[in-house]
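Coordinates in review
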Amino acid sequence: MKEFFTHSAEETTELGRSLAAELRPPRLVVLSGDLGAGKTTLIKGIAEGFQAASRENVTSPTFTLIHEYRGPEVNVYHIDLYRIDTPRELDTLALDDLIDEKSVLLIEWGEKFERFRCDRDVEITIDRLGENDRRIRIATD
Ligand SMILES: Nc1ncnc2c1ncn2[C@@H]1O[C@H](COP(=O)(O)OP(=O)(O)O)[C@@H](O)[C@H]1O
Ligand SMILES: [Mg+2]
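Residues numbered from 1 in each chain as written. Chains lettered and ligands numbered in written order. Predicted model: local features only at pLDDT ≥ 70, side-chain atom pairs only at ≥ 80, totals over all residues. Heavy atoms only, no water.

Concerning the site of ligand 1
Not every one of the 17 residues close to ligand 1 is listed here, only the nearest: Thr12, Gly36, Lys39, Thr40 and Thr41. A distance of 3.1 Å separates a nitrogen atom of ligand 1 from a polar side-chain atom of Thr6. Separating a nitrogen atom of ligand 1 from a side-chain N or O atom of Thr12 is a distance of 2.6 Å. Surface burial for ligand 1 is 74%, taken as the share of its 580 Å² of free accessible area covered by protein chains. (Near = heavy atom within 4 Å. Polar contact = N/O pair within 3.5 Å; in protein donor to acceptor, adjacent residues only side chain to side chain. Areas by Shrake-Rupley, 256 points an atom, 1.4 Å probe, with all protein chains shown as cover.)

Section: the coordination of the magnesium ion (ligand 2)
Those donors, Thr40 (OG1) and Glu108 (OE), are the protein atoms that reach the magnesium ion (ligand 2), and they lie 2.2 Å from it. Placement of the pair is Thr40 in helix α2 (residues 39-49) and Glu108 in strand β5 (residues 103-108), with a sequence separation of 68 residues. (Donors = N, O, S within 2.8 Å, 3.2 Å for Na, K, Ca; no water. Helix = DSSP H or I, 4+ residues; strand = E, 2+ residues; numbered from the N terminus.)

Examining the environment of Gly33
Relative to the helices and strands, Gly33 resides in the loop between β2 (27-32) and α2. Judged by its relative accessible area of 13%, Gly33 is buried. Once residues lying within four places of it in the same chain are set aside, the contact partners of Gly33 are Lys39, Trp109 and Ile126. (Buried < 20%, exposed > 50% of the residue type's maximum accessible area, 1.4 Å probe, protein only. Contact = heavy atoms within 4.5 Å.)

Section: the nonpolar core
Across soluble globular proteins, nonpolar side chains have a tendency to be buried as a group. Core analysis: the largest hydrophobic core is formed by 25 residues, its most contacted members being Leu42, Phe50, Val76, Leu106 and Ile124. Sorting the residues of this core by element identifies α1 (9-20), β2, α2, β5, β6 (122-128) and β7 (134-139) as the ones contributing at least two each. In contact with Phe50, other than residues within four places in its own chain, are Ala20, Leu23, Gly71, Pro72, Val74, Val76 and Val104. With 16 residues, the next largest nonpolar core counts Leu65, Ile79, Leu81 and Leu105 among its residues. (Core = buried A, V, L, I, M, F, W, Y, C linked by side-chain atoms within 4.5 Å.)

With respect to the sheet that holds strand β4 (residues 75-80)
Spatial strand order, β1-β7-β6-β2-β5-β4-β3: seven strands in an open sheet with mixed pairing. Every other strand in the sheet has two partners, leaving β1 (2-6) and β3 (66-70) as the edge strands with one partner each. Each strand of the sheet is rotated relative to its neighbour by a mean of 15 degrees, with strand direction disregarded. As paired strands, β3 and β4 are joined by five bridges and run antiparallel to one another. Bridge pairing in β4 places Tyr69 opposite Val76. Contacts from α1 reach β1, β6 and β7 within the one sheet, and its direction differs from that of β1 by about 150 degrees. Along the sheet, α2 contacts β2, β4, β5 and β6; its crossing angle with β5, the most-contacted strand, is approximately 170 degrees. (Pairing = 2+ DSSP bridges. Axes fitted to C-alpha atoms, helices over the stretch in contact; angles between N-to-C directions.)

Below you can see the structure in the form of structure tokens.
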């Protein structure tokens, strides 16, 4: 378990950039934390770290559910399951089809589903400590 503290959105995005160097595909990463915790803000940096997108172009896939960012070596899939409630609805997204040797899946609200609590390679938990302060914990066991 690694633990980081950030004091601005910018710092969280920079942390995401540095995390990309440690995430070799294929990887399934679950991000948990309340709305506004900073999950999408961290993913901006991860996608940028893989040269798959610039941070400004990474936006929440709350309505479209899946955004795909293709980089030279890694394809980043940013998934938001906030609006998905049942395993049946989850199946319709066919997330398994996205998993291959070039893919890193970053799943916001993935912890809602038992299968991702079991299958994830990495779990990132973000806690809001104050307006601009966040604790970011990364578990890889
Ligand atoms: N240290 C910080 N880390 C991340 N976001 C922060 C931080 N401080 C303030 N914020 C703000 O909190 C919000 C986080 O939103 P977002 O990343 O969309 O959260 P989530 O995806 O978890 O719902 C943004 O408005 C961001 O500017
Ligand atoms: Mg989000």
